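As a plain string of letters, each chain reads:
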Amino acid sequence: MTDLIPLYSIKVKCCNCEHEFQTSRVRPSLKKAIRRDADFCSYYKEENPDYYVVRVCPKCGFASTENSADKLSEIQRASFKKSIGNRWIVKHFDGHRSWETALETYKLALLCAQSINDKDRILASLLHHIAWLYRYNGENEQELRFLRFSLDAYINVYERDGVGGNDARLLYLIGELNRRIGKFSEAVMWFSRLINDQRIMDAAMIRAAREQWGVLREQMRDAKMDPDELLSGTEGT
């Protein structure tokens, strides 16, 4: 009967105040997606694991993910306290989360990450997840808004850190998000970088980029643009 209960709780130590609290997770046996969009947004039959990615400390209000730092510096703590902590009222997020609650936790995590000047990769991921949440709810305008924010953050990652042979996913995401917001020439440029970079050996991402070119062609034809002119010189790579 245990596997029929979708959620279980784990203990987490807050990286800001070191308070231990419980947060919910979806059981691994129920994490199989029924379908997935090209930018990795996944859909599930029952509880959506993405709703439970953010853990929120009920005592101080700091919201983080598994990719966040284990401990904040004194400067980061002071910055968080000034921006958010001083206004926090104790609130618990353990147990089932609705779409609205999940969105609340992600936006709080985004504010926390911004307050401590967290890494661009963390910011990009949070913004991308918020876009997915709006997609789940059919709010296209808000989805596109946060896809643009996420795209800017992913580009910041690329410009600041560069790209290595194992960063095909970053190039692919930048190309795909450009395609989704209608920046077709930019999408081609980033897909082409992925395919042409000899350091990248990720066959799955290269194949995905080629597949999205096919989707891009149809979009361009629908927009009465000439795909052959834009894509010339890239398909044979």
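For the structure itself, consult the block above.
Residues numbered from 1 in each chain as written. Predicted model: local features only at pLDDT ≥ 70, side-chain atom pairs only at ≥ 80, totals over all residues. Heavy atoms only, no water.

**Considerations on the nonpolar core**
F62, Y172, I174 and L194 are the most contacted members of the largest nonpolar core, which has 73 residues in total. A total of ten residues in this core trace back to one element, the largest contributor, which is helix α3 (residues 120-136). Residues contacting F62, with those up to four places away along its chain left out, are C14, C15, N16, R55, V56, C57, L72, F80, C112 and I116. (Core = buried A, V, L, I, M, F, W, Y, C linked by side-chain atoms within 4.5 Å. Buried < 20%, exposed > 50% of the residue type's maximum accessible area, 1.4 Å probe, protein only. Helix = DSSP H or I, 4+ residues; strand = E, 2+ residues; numbered from the N terminus. Contact = heavy atoms within 4.5 Å.)

**Things to note about the packing of helix α6 (residues 184-196) against helix α7 (residues 203-222)**
Viewed as axis vectors pointing N to C, α6 and α7 meet at an angle of 160 degrees, and their least axial separation amounts to 10 Å. In this view, α6 runs roughly antiparallel relative to α7, as classed from their interaxial angle. For the pair α6 and α7, the sense of crossing is left-handed. Between α6 and α7, the residues in contact are F184, A187, V188, F191, S192, L194 and I195 and M205, I206, A209, R210, Q212, W213, L216, Q219 and M220, respectively. Of the residues contributing to the contact of α6 with α7, the split by class is twelve nonpolar, three polar and one charged. (Axes fitted to C-alpha atoms, helices over the stretch in contact; angles between N-to-C directions. Parallel < 35°, antiparallel > 145°, perpendicular 65-115°, else oblique. Left-handed = near helix turned anticlockwise from the far one by under 90°. Nonpolar A, V, L, I, M, F, W, Y, C, P; charged D, E, K, R; others polar.)

**Quick notes on empty space enclosed by the protein**
Scanning the entire structure with this criterion turns up one cavity of 30 Å³ or more. Every residue along the wall of the largest cavity is listed here: F62, A63, S64, T65, S68, A109, A113, I116, D118, I122 and L126. Only β6 (63-64), α2 (99-115) and α3 provide two or more residues apiece to the lining of the largest cavity. Within the lining of the largest cavity, the residues separate by chemical class into seven nonpolar, three polar and one charged. (1 Å grid on protein atoms, 1.4 Å probe; cavity = no way out; pocket = protein on both sides within 12 Å on 5 of 7 lines; lining within 4 Å. Points joined across faces, edges and corners; volume = space filled by probe spheres on them.)

Such coordinate-based values are descriptive only and should not be taken to indicate function.
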